[in-house]
Amino acid sequence: MSYPEGNILVTTAETIPGYTIVEVLGVVVGITVRSRGLGGNLMAALRSIVGGEIKEFVEMAEQARMQALMRMIDRARELGANAVINIRFDSNELNQSMDEIIAYGTAVRVVKNS
């Protein structure tokens, strides 16, 4: 996965083809905590009886991942980075109705190869 997000390049790779890393600025992290709520838990319980994808949770997970990613990118920008490499996602269940979603990577400054 490698794509420009605003003016920051973001990739799961260790390098960015066509660019040289000129400075490593450090690890950046973006975190969000989401609650499924009572209504979501009830809907999930009903859907789990008949099977299939629980679309409400998929949408919530996608939104949470994007929010964590954007927060990570904001931290990189604050450090003066123009790229984040080696990004990863992690999640933890804090209790039965709350999940923590984390995006992390290495903020770097890159220059385009000539």
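Look above for the structure.
Residues numbered from 1 in each chain as written. Predicted model: local features only at pLDDT ≥ 70, side-chain atom pairs only at ≥ 80, totals over all residues. Heavy atoms only, no water.

**What to know about the overall build of the protein chain**
Per the secondary structure count, the protein chain includes two helices and five strands. When its helices and strands are written in sequence order, the protein chain yields β-β-β-α-α-β-β. The contacts of the protein chain with a sequence gap of at least 6 include a subset with a gap of at least 24, amounting to 74%. Of the accessible surface of the protein chain, which amounts to about 7,000 Å², a share of 54% is contributed by carbon and sulfur atoms. (Helix = DSSP H or I, 4+ residues; strand = E, 2+ residues; numbered from the N terminus. Contact = heavy atoms within 4.5 Å. Areas by Shrake-Rupley, 256 points an atom, 1.4 Å probe, with all protein chains shown as cover.)

**A look at the pattern of salt bridges**
Side-chain pairing between opposite charges can occur once the charged atoms of the two side chains come close. Tallied over the entire structure, the rule returns two salt bridges. Notably, a salt bridge pairs Glu 23 with Arg 109, separated by 3.0 Å at the nearest N-O pair. Of this pair, Glu 23 sits in strand β3 (residues 19-35) while Arg 109 sits in strand β5 (residues 98-112), placing them 86 residues apart in sequence. A residue is classified by how much of its surface remains accessible, and Glu 23, at 33% relative accessible area, is partly exposed. Looking at Arg 109, the relative accessible area reads 33%, which means it is partly exposed. (Salt bridge = Lys/Arg side-chain N within 4 Å of Asp/Glu carboxyl O. Buried < 20%, exposed > 50% of the residue type's maximum accessible area, 1.4 Å probe, protein only.)

**Remarks on the nonpolar core**
Buried together is how nonpolar side chains tend to be arranged in soluble globular proteins. Counting residues in each nonpolar core, the largest one holds 15 residues, and the members touching the most others are Met 72 and Val 84. At the level of elements, β2 (8-11), α2 (55-79), β4 (83-95) and β5 are the ones that each hand at least two residues to this core. Setting aside residues no more than four positions away along its own chain, Met 72 makes contact with Val 28, Val 29, Gly 30, Val 84, Ile 87, Ala 103, Tyr 104 and Gly 105. Of all hydrophobic cores here, the second largest spans six residues; its members include Ile 16, Ala 83, Ile 85 and Val 110. (Core = buried A, V, L, I, M, F, W, Y, C linked by side-chain atoms within 4.5 Å.)

**Comments concerning a nonpolar patch on the surface**
The grouping of Val 27, Val 29, Ile 31, Val 33, Leu 94 and Tyr 104 at the surface amounts to a nonpolar patch, some 500 Å² of accessible area in total. Position of Val 27 among the secondary structure elements: in strand β3. Classification of Val 27 by relative accessible area gives exposed; the value is 62%. (Patch = residues over 30% accessible without salt bridge, like charges linked within 9 Å, V, L, I, M, F, W, Y side chains within 5 Å.)

**Focus on the environment of Ile 73**
Here Ile 73 shows up in helix α2. Judged by relative accessible area, which is 0%, Ile 73 ranks as buried.

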